Amino acid sequence: NGSYENTPKNQPLVDFGFDVISFDIPMAYHSISGIRQLLPVAGQSQGKLNTNFKMKGRLSPNHKLIASSINGNGLFSTNNLQILNSPIFNQLKGILKSEKLKNVSIDDFKANFKVDAGNIQLSPFKTKVAGQETTIFGTLSAENLLNMRLDFKVERDAFGSDIQNILSVLPGNKKITIVPAGVIITGPVGNPDVKMDLSETRKTITNATKDDIQKSLNK
């Protein structure tokens, strides 16, 4: 529902609300060019998307949305989301075992977002990624540049190589069952840079093993 009003400069004003229920993600990717630009990972995804979104903005003379003119807010949720063989998730093998990253299931979630001058701000929300509790938040700019963060709580049976390497040299590491680990995703949507943030990982492991390290030093 909404309204459309042309202007003397032929840049129509639009004010619309959308209520989208159980939209098939692969179908959205193949039939809507905007999805391919904003969410290229949708091409490797399965599941359903729901969104309730209100927006105001302007259209170009050929009726394309002018990204920098869009303001709005809304929420979206997913059902049975799975991401298949994503190159982004393949880069997380430092914190998660490789076999957990081939076909990544993401628990159903609801997330709120705002749009300010075409920049999308995603409020923090919790879900499970590959079975690990994860908090996700960040921004997508009007120029299609990502600045996202995923904060994992990684369980012992899912520790990747970087975490295992930190643990392997420390006495008393067997008592550690869950550690935090961060992932920062920045850059162009189609080819972002993925970096690990293990600062909290090291801190947690150090605090958990310091007594055992001191005993070893005393010996």
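Here's what I pulled together on the structure shown here. Small disclaimer: the values here were computed from a predicted structure and weren't measured.

### Some details on helix H5 (residues 199-218)
Phase 1: Counted at 1.5 Å a residue, the expected span for H5 with its 20 residues is 28 Å, and the 27 Å between its end C-alpha atoms agrees.
Phase 2: Where H5 bends most, the angle comes to about 55 degrees, and this point is Thr209.
Phase 3: Among all positions of H5, only Thr201, Ile205, Thr209 and Asp212 are buried.
Phase 4: In this fold, the buried residues of H5 make contact with helix H4 (161-168), strand S10 (178-188) and strand S11 (193-197).

### Brief notes about the nonpolar core
Phase 1: The biggest cluster of nonpolar side chains holds 49 residues, and the ones touching the most others in it are Ile95, Phe152 and Val154.
Phase 2: Here this core takes five residues from strand S9 (residues 145-155), the largest share from any one element.

### Let's talk about the packing of aromatic side chains
Phase 1: A complete count under the given rule lists six aromatic pairs for this structure.
Phase 2: Ring geometry for Phe53 and Phe113: centres 5.4 Å apart, planes at 50 degrees, overall tilted. Separated by 60 residues along the polypeptide, Phe53 in strand S3 (residues 45-58) and Phe113 in strand S6 (residues 110-116) bring together distant segments of the chain.
Phase 3: Consider the rings of Phe76 and Phe113, whose centres lie 6.2 Å apart with planes at 50 degrees: the pair is tilted. In this pair, Phe76 sits in strand S4 (residues 71-84) while Phe113 sits in strand S6, placing the two residues 37 residues apart along the sequence.
Phase 4: Taken together, Phe16, Phe18, Phe53, Phe76, Phe109, Phe113 and Phe125 form an aromatic cluster joined through their ring pairs.

Rules used in this analysis
Residues numbered from 1 in each chain as written. Predicted model: local features only at pLDDT ≥ 70, side-chain atom pairs only at ≥ 80, totals over all residues. Heavy atoms only, no water. Helix = DSSP H or I, 4+ residues; strand = E, 2+ residues; numbered from the N terminus. Expected span 1.5 Å × (residues − 1). Bend = angle between axes of the 7 residues up to and from the residue. Buried < 20%, exposed > 50% of the residue type's maximum accessible area, 1.4 Å probe, protein only. Contact = heavy atoms within 4.5 Å. Core = buried A, V, L, I, M, F, W, Y, C linked by side-chain atoms within 4.5 Å. Phe/Tyr/Trp six-rings, centres within 6.5 Å; stacked < 30°, edge-to-face > 60°.

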